[in-house]
Amino acid sequence: MSNDQIENAVTVKNVYKNYGDVEALRDLSLEFPKGQLTSLLGPSGCGKTTLLKIIAGLLPATQGEVLVNGQPVNKPGPDRAFVFQDFALMPWASVIRNVAFGLELRGVNKSERESIATKYIKDVGLTGFEHSFPHELSGGMRQRVGLARALSVDSPVLLMDEPFSAVDEQTRRKFQEDLLNLVKNENKTFIFVTHSIEEAVYVSDQVALLLPRPSRVSEIIKPSSFKNKDINSIRKDSEYLDTVERIWKSLRSYVE
Amino acid sequence: MYLFGYRLPGMSSLILWGLLWEILGQMEVSFFLPPLTAIFSTLGEIYNSKAFIRALYETGYSFLAGVFFAVIIGIPTGILMGKNKLLDELLLPWVNTFMSAPLTALVPVLMVLFGFGLKSIIITTTLFAIWIIILNSRAGVMQINRSLVDMANSFGASPIDAFIKIYFWAALPEILGGVRIGFIRAVKGVIIAQLLISIVGFGALFELYSSRFLMTHFWAVIIVLFALAFTLSELLGVLARKVDYYASKRN
Amino acid sequence: MLSRSFFLKILSGALIFGAWEYAGRVGVNYALPTFLESMKALIDMTISGLIFQAYADTLRPLVVGVLISAFIGIGIGVWVGLSEKFDWLISPIFIIMQAAPLAALIPLLIMAYGIGLTSKVFVVCIMAMPVIVLNTSVAVKNTPSSVKEMARSFLGSRKDVILKIIIPSASPVIFAGLRLGVSAGFIGAILAELKITPTGVGDIISYSRMTADYPSMYAAIFSIILLAVIFLNILEKIEDVLFKGNNQGYIS
Ligand SMILES: Nc1ncnc2c1ncn2[C@@H]1O[C@H](COP(=O)(O)OP(=O)(O)OP(=O)(O)O)[C@@H](O)[C@H]1O
Ligand SMILES: [Mg+2]
């Protein structure tokens, strides 16, 4: 038990979720080891966003429980931060206010939160755009604002819902590399939703394959051997390619 | 519109119409159409007369009071309707009814209930403006980007914070659009009310000028009124365009 | 079983009319009859046929005025939408008319055209025309240029382009403009009856106010508002059927 608390940042235990008659999740259990990146991979509409929102405490589960650091949760808390698929930036607020918004809601005073925000704006490479507005930024830049906002509240758990879906392929690859570095350098737990098998294998310590609705975990894959290799050679690694192939084989049956 | 390669500004054709008016006036085509120059010189005489200033003051006062109530009541009502389904279902049929009802018919009721004074005029003005403000605020709140609300919740925003920092701003483009149309309607409402309750403001002035066939006086007042109404509507349009991008990321 | 939304509509009606009945009974104001008294007066008027006669008088300037506004308004609107020169020349007038309190012109209309039908038709026209013209011209201008170019690339004449492409594509908004025009026309028609000469429903309102027969006054007002709302709702339903909800006009 105490072992479990140390090793898993988030534990999902036998969670069910129904939307009226629609059964989205059925008896789903999954563990998210601390300090690692876990991807959720599955066909569209299988309930990945639903699971992520339940963990975030934005949606109540119909049954079952979610433990964060061993404590059951049912509402949002400072231990989790969400990165939204569509960025969820406030169009009326400057970049710096957007990034500092989480801190603003927590009552951190203006000068302190702005200095924290400035640091994370620098980390995501947006220095110089502090006083721009979201509509003046490109899609990739907006995504980075969303990321900086989630990082700036310094939560131990980051929930990312298809964070790279709205950017072009080059930016996407750049973000994936940045994400790998982030996992390495920050001692945070990442839960990452994606549609891309390659992306999941590339960035994850563990990939959870979800079945179509009603969703359960069908398989957990832990790519390991290529994790310590140079970022640039991962995509050529034979285990990487085998893993991608294996996942595609198991998912293929649902697509057909 | 281009002339010899130059772009003519939007409303510049009004100069042409003004000239035509002046010529027709000088030709004395109709008693009801005095030359524009005569109208403006009359305006120069009456603009600081007691009756004119009083009419302007009374109209401005009832207009401002009317739109004040329309805004203060309309925006929160609309936002609440957008957020609460039960309230929405109870109120929406009535809002839609009054939105399309010929409100002029209600002025006689207001006159018998609230007297022949400013009070009735203010209420008429509010009634002309409020429904579109409610409808637009409601629409604004209903199409708020769902994930903005989730975002605020994920950071643990209190309901008041969510209202002040998210809902109001996210709905602001629609709210301002509604306020703009509401103001234009209110201008019409305040004049209609004064015409029917013709002892106050411009209503009284029109009565006076038309009973004495003072055509230049009459037109001078009309021109002032129209110019004020047009300026107001353009200013609000500029303001509404300024916050357009608040709505740029909606889905 | 009653559907929830139907039940709520009934409930909301009952609440408001109940409040009116209550306010009338406790005597908030000497000039406020109860809801039931007013409805009784309305039924009396209906039985005696008085109300139908009144409608006939009230609707005459309305119908004439709206028809004139529709023909002239759509004509001008299409022309403005098609010709840049005409747009420059004409649009400012209608933009100002749209923003301005045109009711202020009524005393002038009375001086110029007397207190007969002409003045009343004029009032309806100045209220209804601007919104029709502006909706039509915007709708015509907003016709997707790719469709127009398609028609021209298949050798459509200018007349073809106007009749087969522009008018059909603009018609939902034009129709919505007409509906808004009718709505404004109602305001004008009643204003004319109250301000110019009391006829029709305006006559019942003015007369019963003078004789302090408040139930009749409220009944007349209630019925004309009901008539306008029902008529405009029918127009909106027709639009929904014709254009499948693709009918957002530019309210003003
Ligand atoms: N608010 C809701 N009301 C009713 N059903 C819903 C609601 N939200 C989601 N669903 C249903 O639940 C299922 C899972 O939805 P969810 O958004 O979690 O899927 P997803 O895996 O994130 O899909 P995608 O990959 O397309 O984003 C879907 O079939 C959807 O129809
Ligand atoms: Mg999703």
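Before reading on, note that the structure itself is shown above.
What counts as what
- Here the residue index of a chain counts from 1 through its sequence in written order.
- Whichever chain is written first is A, and whichever ligand is written first is 1; the rest continue in order.
- The model is predicted, so local features are restricted to residues of pLDDT at least 70 and side-chain atom pairs to those at 80 or more, both for listing and for counting; the totals for chains, interfaces and linings are taken over all residues.
- Only hydrogens and water are set aside when side-chain values are computed; all heavy atoms of the structure are taken into account.
- Strands are runs of DSSP state E lasting at least 2 residues, helices are runs of H or I lasting at least 4, and numbering of each runs from the N terminus.
- Each radius of gyration reported is based on C-alpha atoms, and the globular scaling rule is 2.2 Å times the count of residues to the power 0.38.
- Categorising residues by exposure relies on relative accessible area from a 1.4 Å probe, with only protein chains included: less than 20% of the type maximum marks a residue as buried, more than 50% marks it as exposed, and the intermediate range marks it as partly exposed.
- Residues count as neighbours in contact if any of their non-hydrogen atoms are within 4.5 Å of one another.
- For the area figures, the Shrake-Rupley method with a 1.4 Å probe applies, and any residue is considered shielded solely by the protein chains shown.
- In summary, the charge assignment counts Lys and Arg as positive and Asp and Glu as negative, without counting His or the chain termini.
- Note that the charge is assigned to NZ on lysines, CZ on arginines, CG on aspartates and CD on glutamates.
- Residues are classed as near a molecule or strand on a simple rule: at least one heavy atom within 4 Å of it.
- Polar contact is defined as a pair of N or O atoms within 3.5 Å, subject to the rule that within protein one atom must be able to donate a hydrogen and the other to accept it, and that residues adjacent in sequence are counted only when both atoms are side-chain atoms.
- Polar here means any residue outside two lists: the nonpolar Ala, Val, Leu, Ile, Met, Phe, Trp, Tyr, Cys and Pro, and the charged Asp, Glu, Lys and Arg; Gly therefore counts as polar.
- Put simply, a salt bridge is a Lys or Arg side-chain nitrogen that is within 4 Å of an Asp or Glu carboxyl oxygen.
- When two components associate, each loses some accessible surface as probed by a 1.4 Å sphere; the sum of these losses over both components is called the buried area.

**Some thoughts on the overall build of chain B**
Thought 1: Counting its secondary structure elements, chain B contains 10 helices and two strands.
Thought 2: Computed over C-alpha atoms, the radius of gyration of chain B comes to 22 Å, more than 25% over the 18 Å expected from 2.2 N^0.38 for 251 residues, which places it beyond the range of a compact globule.
Thought 3: Taking the principal axes of the C-alpha coordinates as reference, chain B spans close to 70 × 60 × 30 Å.
Thought 4: Counting only residues that meet the buried cut, chain B has 55% of its 251 residues in that class.
Thought 5: The long-range share in chain B, meaning contacts at least 24 apart out of those at least 6 apart in sequence, stands at 76%.
Thought 6: Surface accessibility of chain B: about 11400 Å² in total, with carbon and sulfur atoms responsible for 71%.
Thought 7: Here chain B contributes 17 positively and 12 negatively charged side chains, and the mean placements of these two sets differ by 7 Å.

**Quick notes on the site of ligand 1**
Residue and element names in this part refer to chain A.
Thought 1: In the vicinity of ligand 1, the contacting residues are Y19, A24, S44, G45, C46, G47, K48, T49, T50, E162, H195 and R213.
Thought 2: Here an oxygen atom of ligand 1 and a side-chain polar atom of T50 are 2.4 Å apart.
Thought 3: For ligand 1, an oxygen atom lies 3.4 Å from a polar atom in the side chain of E162.
Thought 4: Considered on its own, ligand 1 offers 630 Å² of accessible surface; in the complex 63% of this is hidden by protein.
Thought 5: Looking at the shell around ligand 1, the element that brings in the most residues is helix α2 (residues 48-56), giving three residues.
Thought 6: Looking at the shell around ligand 1, its residues break down into three nonpolar, six polar and three charged.

**Here's the deal with the pattern of salt bridges**
Residues and elements named next belong to chain A.
Thought 1: Applying the stated rule across the entire model yields 27 salt bridges over all chains.
Thought 2: Between E169 and R173 there is a salt bridge, with the nearest N and O atoms lying 3.7 Å from each other. One end of the pair is E169 and the other is R173, both in helix α7 (residues 169-185) and four residues apart, which spans about a single turn.
Thought 3: For E169, a relative accessible area of 47% corresponds to the partly exposed category.
Thought 4: Residue class for R173 comes out partly exposed when judged on its relative accessible area of 40%.

**As for the interface of chain B and chain A**
Thought 1: At the interface, 20 residues of chain B touch 25 residues of chain A.
Thought 2: Surface buried jointly by chain B and chain A totals about 2000 Å² across both partners, of which 68% is contributed by carbon and sulfur atoms.
Thought 3: In this structure, D150 of chain B and K53 of chain A form a salt bridge, with 2.8 Å as the shortest nitrogen-oxygen distance.
Thought 4: Counting every contact that joins chain B to chain A gives three residue pairs in polar contact (both at pLDDT 80 or more).
Thought 5: When residues in the side of chain B that touches chain A are grouped by element, the largest group, seven residues, is from helix α7 (residues 146-154) of chain B.
Thought 6: Residue classes in the side of chain B that touches chain A are distributed as 10 nonpolar, six polar and four charged.

**A word on the interface of chain C and chain B**
Thought 1: Facing 56 residues of chain C, the contacting portion of chain B comprises 58 residues.
Thought 2: Considering only the side of chain C, the residues that lose the most area to chain B are W88, P101 and M111 of chain C, jointly responsible for 14% of the buried surface there.
Thought 3: Viewed at the interface, chain B and chain C are joined by two salt bridges.
Thought 4: Joining chain C to chain B, the criterion identifies 12 residue pairs in polar contact (both at pLDDT 80 or more).
Thought 5: Among the secondary structure elements, those contributing two or more residues to the side of chain C that touches chain B are α1 (4-26), α4 (84-99), α5 (106-113), α8 (158-195), α9 (200-210) and α10 (214-243) of chain C.
Thought 6: The dominant element in the side of chain C that touches chain B, judged by the number of residues it contributes, is α4 of chain C, at 11 residues.
Thought 7: Among the residues forming the side of chain C that touches chain B, the class breakdown is 43 nonpolar, seven polar and six charged.

All we've got here are geometric facts, nothing functional implied.
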